[in-house]
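Observations on chain architecture
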Amino acid sequence: MAKPSTWVMTVRHFYKTTTLHGFKYLGSKFFSDRVGWLLCCCASACCAGVLCAVLWARFTQVPALITLRDLLAEPQVLRLSNIAFCPAAGNIAYLFQQNLVTDNATRTRLPAILSLVLRRKPLTDSQAELLEGALNVNNLTLVGALTRLMPPCSRIIRNCRWLTMTLPCGDIFQQELTQWGLCCVMRPNEIQLSSLLTTRFTTSRRLITGMQFSDHSRVYGCEFFTKYPGEEWVEPVPLTPGYNYIGSLTSTSIVDSDADKLVNNRCVYKDHYTRSNCMIKCKEKLCGCADPLQSNEDNETSGLPTCSIPNLNCLRTYKDDNLSCNCLPSCRRVSTDLSLEFSPMNAFEHVYDNVYEGLNASQAVVLSLHIKITDSKKFVVNPTETWITLLSSLGGVFNMFLGVGLFSALELLFLIFVKLPIALRKSKKLPPLK
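Along each chain, residue indices are assigned from 1 in the same order as the chain's sequence is written. Reporting of local features is limited, given that this is a predicted model, to residues whose pLDDT is at least 70; pairs of side-chain atoms are given and counted only at 80 or more, and all residues count toward the totals for whole chains, interfaces and linings. No hydrogens and no water enter the side-chain calculation; it runs on all heavy atoms of the structure.

Considerations on the overall build of the protein chain
For clarity, the cut-off: Under the scheme used here, helices are H or I runs from DSSP no shorter than 4 residues and strands are E runs no shorter than 2 residues, and both carry numbers assigned from the N terminus. The classification of residues rests on relative accessible area computed with a 1.4 Å probe and restricted to protein chains. Under 20% of the type maximum is buried, over 50% is exposed, and intermediate values are partly exposed. Note on areas: Shrake-Rupley, 1.4 Å probe, and residue coverage restricted to the protein chains presented here.
Broken down by element type, the protein chain carries 13 helices and 13 strands. By the burial criterion, 43% of the 434 residues in the protein chain qualify as buried. For the protein chain, the exposed area adds up to about 24300 Å²; of that, 57% sits on carbon and sulfur atoms.

Structure below.
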């Protein structure tokens, strides 16, 4: 009978000495024992493989524990939304019509065309060429024309009360370029008031404004929107002249606490990042120019020239599903819930409140906005699966079905990479049996 080769003897010795479950029986001298335990080992290995696949699938889904945070208990991280009032597109279009040097035919069509631009709607080629020609004749760009014609915020927002203090509107509202044109924007987090006053309003903040765009007969009212840093696309709400509005604003934010360790880069942990802004940037690269109507806060230097009116139309006609931008959602997601109630100002002359002082009842808008902190919610997402938990789970599966622990794995690796290569070299050096 031929003597077994060196590597076979090495494998048999491993079967007899290993701590792996059932593998020592593979070296049994009985054929039925070897076959039976081989089937058992294969079945255990299959079960371990299935469970490992389940664990990996769960890990890639990033299961998490959601924790509700108390905003009142964290005053240092309390963020309020920016509040913006924009002249209605009809008002700006009327100013374009009255102040730009154009012929009568262009002057007649200009308001409708400009309203489409400010509402971010696409234009026909003839409309784009007409508006571009009117701007070139006056040696203006779109943003330059808006800056030139937009009245100061103190002329649009006449009276302001923040918390309980009546403040100059020009001090708390500043002109800023937004995605809806030039607007008067208030940043509550940057308003410096005494700590004694702010602590009295721990559950809510209140802003009351009296707005009147102008004294001319063609009044279109104004538009209003709020936006938190990191909030996705928001659209302004029109406010009709001659009405008194009462608004209630609450927010819900979800923050991934450990975004850098999430699998497959599921979100972007970056200040002021939003998926909608990423899509706009992607469209700009495809069109080869930058959108002039871009928020100052979200605007990033792209190195692209500003779009002319005909090129601006390229940004309005692209569809999101045709883009391959791979824009991930933000790890800080904010959504707001705004409810508005309104009533006509039919008893205007009987109201004793300095917010209504100097306003025309048929042309003005009064808004009382309550920012409810107690009704707002902040959820923190804490991933429950990390690489440590995954490895411990996989180790438990292998130990249960195969008895593979750390030392058993070292035994197997030592057999494959050390003992077997040495045994193969020795078998090659031995002379053949006669």
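That shown, we press on.
Regarding unusual backbone geometry
A positive phi angle is found at Asn-139, which is not glycine, with a value near 55°. Tracing the sequence through the fold places Asn-139 in the loop between α5 (125–137) and α6 (142–149). Although it is not a glycine, Leu-163 adopts a positive phi angle of roughly 60°. Take Leu-163: it is sitting in the loop between β3 (157–162) and β4 (165–167). The class of Leu-163 is buried, set by a relative accessible area of 5%.

A few points about the packing of helix α4 (residues 104–118) against α5
Spelled out, the test is: Axes here refer to lines fitted to C-alpha atoms; in helices the fit is confined to the stretch in contact. Angles between the N-to-C directions go from 0 to 180 degrees. Here the word oblique covers every angle except those under 35 degrees (roughly parallel), over 145 (roughly antiparallel) and from 65 to 115 (roughly perpendicular). Residues count as neighbours in contact if any of their non-hydrogen atoms are within 4.5 Å of one another. Note that Gly is not counted as nonpolar here; it falls among the polar residues with everything else outside the nonpolar set of Ala, Val, Leu, Ile, Met, Phe, Trp, Tyr, Cys and Pro and the charged set of Asp, Glu, Lys and Arg.
α5 packs onto α4 with a crossing angle of 110° between their chain directions and a minimal axis gap of 10 Å. Considering the angle they form, α4 stands roughly perpendicular to α5. Contacts between α4 and α5 involve Thr-106, Arg-109, Leu-110, Ile-113, Leu-114, Leu-116 and Val-117 on the former and, on the latter, Ser-126, Gln-127, Leu-130, Leu-131 and Ala-134. For the contact of α4 with α5, the class distribution of residues is 8 nonpolar, 3 polar and 1 charged.

Structural notes on the sheet that holds strand β9 (residues 237–239)
To keep it simple, the criterion reads: Strands pair, by our definition, only if DSSP identifies at least two bridges between them.
Strand order across the open sheet formed by 5 strands is β5-β6-β2-β8-β9, with antiparallel pairing between neighbours. Each edge of the sheet is formed by a strand with only one pairing partner; in this case those strands are β5 (174–178) and β9. With strand direction ignored, the average angle separating the axes of adjacent strands in the sheet is 35°. Here β5 pairs with strand β6 (residues 181–186) via 5 bridges, running antiparallel. Looking across to β6, one finds that Gln-175 is bridged to Cys-184.

A look at the packing of helix α2 (residues 31–60) against helix α12 (residues 387–402)
Cut-off, in case you're wondering: For any helix crossing, the convention is left-handed if the near helix is rotated counterclockwise from the far helix by under a right angle, and right-handed if that rotation is clockwise.
The interhelical angle for the contact between α2 and α12, taken along N-to-C directions, is 165°, at an axis separation of 9 Å. By the angle between their axes, α2 is roughly antiparallel relative to α12. For α2 against α12, the interelement crossing comes out right-handed. Here Cys-41, Ser-44, Ala-45, Cys-47, Ala-48, Leu-51, Cys-52, Leu-55, Trp-56, Arg-58 and Phe-59 of α2 lie close against α12, whose contacting residues are Trp-387, Leu-390, Ser-393, Leu-394, Val-397, Phe-398, Phe-401 and Leu-402.

Quick word on the confidence of the model for the protein chain
Regions with low pLDDT should not have their predicted coordinates read in detail. Just so we agree on the cut-off: For every residue, the predictor reports its confidence as pLDDT, a number between 0 and 100.
Overall, the prediction assigns the protein chain a mean pLDDT of 78, with 80% of residues at 70 or greater. Confidence, read as mean pLDDT per element, is least for helix α9 (residues 195–199) in the protein chain (57) and greatest for β9 (91).

Focus: the packing of aromatic side chains
Note the following rule: Aromatic rings from Phe, Tyr and Trp, with only the six-membered ring used for Trp, were paired whenever their centres fell within 6.5 Å, and each pair was classed as stacked if the ring planes differed by under 30 degrees, edge-to-face if by over 60, and tilted otherwise.
According to the stated counting rule, one finds 5 aromatic pairs in the structure shown. Ring geometry for Phe-85 and Phe-173: centres 5.6 Å apart, planes at 55°, overall tilted. Note that Phe-85 is positioned in strand β2 (residues 82–87) and Phe-173 in the loop between α8 (169–172) and β5, a separation of 88 residues in sequence. When its relative accessible area of 1% is taken as the criterion, Phe-85 is described as buried. Judged by centre distance (5.5 Å) and plane angle (65°), the rings of Trp-180 and Trp-233 are edge-to-face. Here Trp-180, found in the loop between β5 and β6, pairs with Trp-233, found in the loop between β8 (222–227) and β9; they are 53 residues apart in sequence, far enough to count as distant. The structure contains a cluster of three or more aromatic residues connected by ring pairs, namely Phe-85, Phe-173 and Phe-224.

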